[in-house]
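# Structural overview
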Amino acid sequence: MTAADVTWLDPDTVQLRQPKASHWEAPFLFLLFGRDRAILFDTGATSDERVFALRGAVDGAIETWLRKHPARFARPYELVVAHTHAHGDHIAGDALLAARPGTTVVGTTPAEVIAFFGFPSWPDAVVPFDLGGRVIDVIGAPGHEPSAVVYYDRATRILFTGDTVCPGNLYVRDRAQFVQTIDRLIRFRDATKPRIKTVLGAHVEMSTTPGVDYPPGTVDQPDEAPLALPPSILDEVRAALDVTGKHGAPKKRVVRDRFILVDDQR
Ligand SMILES: [Zn+2]
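Residues numbered from 1 in each chain as written. Predicted model: local features only at pLDDT ≥ 70, side-chain atom pairs only at ≥ 80, totals over all residues. Heavy atoms only, no water.

The next subject is the packing of aromatic side chains. With the rule as written, the count across this model stands at 14 aromatic pairs. Here the aromatic rings of Phe-30 and Phe-160 are separated by 4.8 Å at their centres, their planes lie at 50 degrees, and the arrangement is tilted. With a gap of 130 residues between them, Phe-30 in strand β3 (residues 28–33) and Phe-160 in strand β10 (residues 158–162) connect regions that are remote in the sequence. Relative accessible area serves as the criterion here: at 4%, Phe-30 is assigned to the buried category. Ring centres of Phe-41 and Tyr-151 lie 3.9 Å apart, and the angle between their planes is 10 degrees; on these two criteria the pair is classed as stacked. With a gap of 110 residues between them, Phe-41 in strand β4 (residues 37–41) and Tyr-151 in strand β9 (residues 149–153) connect regions that are remote in the sequence. An aromatic cluster is defined as three or more aromatic residues linked by ring pairs; in this entry it consists of Phe-30, Phe-41, Phe-116, Phe-117, Phe-129, Tyr-151 and Phe-160. The aromatic ring of Trp-8 is capped on one face by Lys-68, whose charged end is 5.6 Å from the ring centroid. (Phe/Tyr/Trp six-rings, centres within 6.5 Å; stacked < 30°, edge-to-face > 60°. Helix = DSSP H or I, 4+ residues; strand = E, 2+ residues; numbered from the N terminus. Buried < 20%, exposed > 50% of the residue type's maximum accessible area, 1.4 Å probe, protein only. Lys NZ or Arg CZ within 6 Å of the ring centre and 35° of its normal.)

In structure tokens, the structure reads:
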């Protein structure tokens, strides 16, 4: 059994990483605490607690937070399990949390995501989701996957971008939607005050050597790049999209220092 790598980014924000030893995708998950509820972004690539102890990690982090803030939280304290998108390496652990008391697991189809967050229009609306004294902006982000969303946490000023923007391979499945999503994120970034501090995706596949990635299936990444990207990365992704092929063209890879854009339309 492997335990999650747990990092407290601040007293109310936890980064969890599924270890490479349990699955080569090694996705990052995030747990954010508010007064009324916590929200978990993604559940990892494994549905077996013995392989990756997700439930134990989430319960442990929530117990730690509740113990440290006894006067601050509502009772019962809820957990919302949401996703950056519906690919298997981000939702496989849902089953491990579905039976947890006080827990709501958001569905993974576009319709379920739209209904849960209450998008008045999709994907153009930005919807606030209140954890209790802590508001998350939920931004429609299809293009890598149809139900993808990006989350902005006003408290930490972190933009959580899943696989849409991360230091790795950015797989463009629907180019038109992907372009609109990056444009939407750039508009959101430029309108947000105070400024967005950092962008955290869900994988690290790049090495510390600019433009060089670890291939899929790699289980040991001794020289991996840091997860955090600057908000200006959105401009670089937008520019790279202009280089990719149109629908029907052969697959194209656009290699940049901190990501590789892969035209992967099907
Ligand atoms: Zn992924």
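Still more to cover.
This part takes up the coordination of the zinc ion. In the first shell of the zinc ion, the protein supplies Asp-89 (OD), His-90 (NE2), Asp-163 (OD) and His-203 (NE2), at 1.9 to 2.3 Å from the metal. For the zinc ion, the four donor atoms in the first shell make angles of 87 to 157 degrees at the metal, so the coordination geometry reads as irregular. By relative accessible area, His-203 is classed as buried at 1%. (Donors = N, O, S within 2.8 Å, 3.2 Å for Na, K, Ca; no water. Tetrahedral: all angles 85-135°; square planar, octahedral: opposite > 155°, others 65-115°.)

Attention now moves to the environment of Leu-32. On the secondary structure map, Leu-32 appears in strand β3. Expressed as a C-alpha distance, the spacing of Leu-32 and Pro-11, which sit 21 residues apart in the sequence, is 9.6 Å. If sequence neighbours within four positions are ignored, Leu-32 has contacts with Asp-12, Thr-13, Arg-37, Ala-38, Ile-39, Phe-41, Leu-131, Arg-134, Ile-136, Asp-153 and Phe-160. (Contact = heavy atoms within 4.5 Å.)

The subject of this paragraph is the side chain of Thr-161. For Thr-161, the location among the structural elements is in strand β10. Taking relative accessible area as the criterion, Thr-161 reaches 1% and is therefore assigned buried. Polar contacts involving the side chain of Thr-161 include one to the main-chain carbonyl oxygen of Val-165, which spans 2.6 Å. Those residues within four positions of Thr-161 in sequence are excluded, and the remaining contacts are Val-150, Val-199, Leu-200 and Gly-201. (Polar contact = N/O pair within 3.5 Å; in protein donor to acceptor, adjacent residues only side chain to side chain.)

With that out of the way, let us pick up the pairing of strand β14 (residues 260–263). Alternating residues of β14 divide into Ile-260 and Val-262 and Leu-261 and Asp-263, and every residue in both groups is buried. Relative to β14, strand β11 (residues 169–172) is paired through four bridges, and the arrangement is parallel. Considered in β14, the bridge of Val-172 is made with Asp-263. (Pairing = 2+ DSSP bridges.)

Read from one edge of the open sheet, six strands run β1-β2-β3-β4-β5-β6, paired in mixed fashion. Edge positions in the sheet fall to β1 (5–10) and β6 (103–105), since each has one partner strand and no second. Geometrically, the sheet is characterised by an average inter-axis angle of 20 degrees between neighbouring strands, direction not taken into account. Here β1 pairs with strand β2 (residues 13–17) via five bridges, running antiparallel. What sits directly across from Val-6, in β2, is Leu-16. Each of β1, β2, β3, β4 and β5 (78–82) is contacted by helix α1 (residues 54–68), which is oriented at about 30 degrees to β3, the strand it contacts most. (Axes fitted to C-alpha atoms, helices over the stretch in contact; angles between N-to-C directions.)

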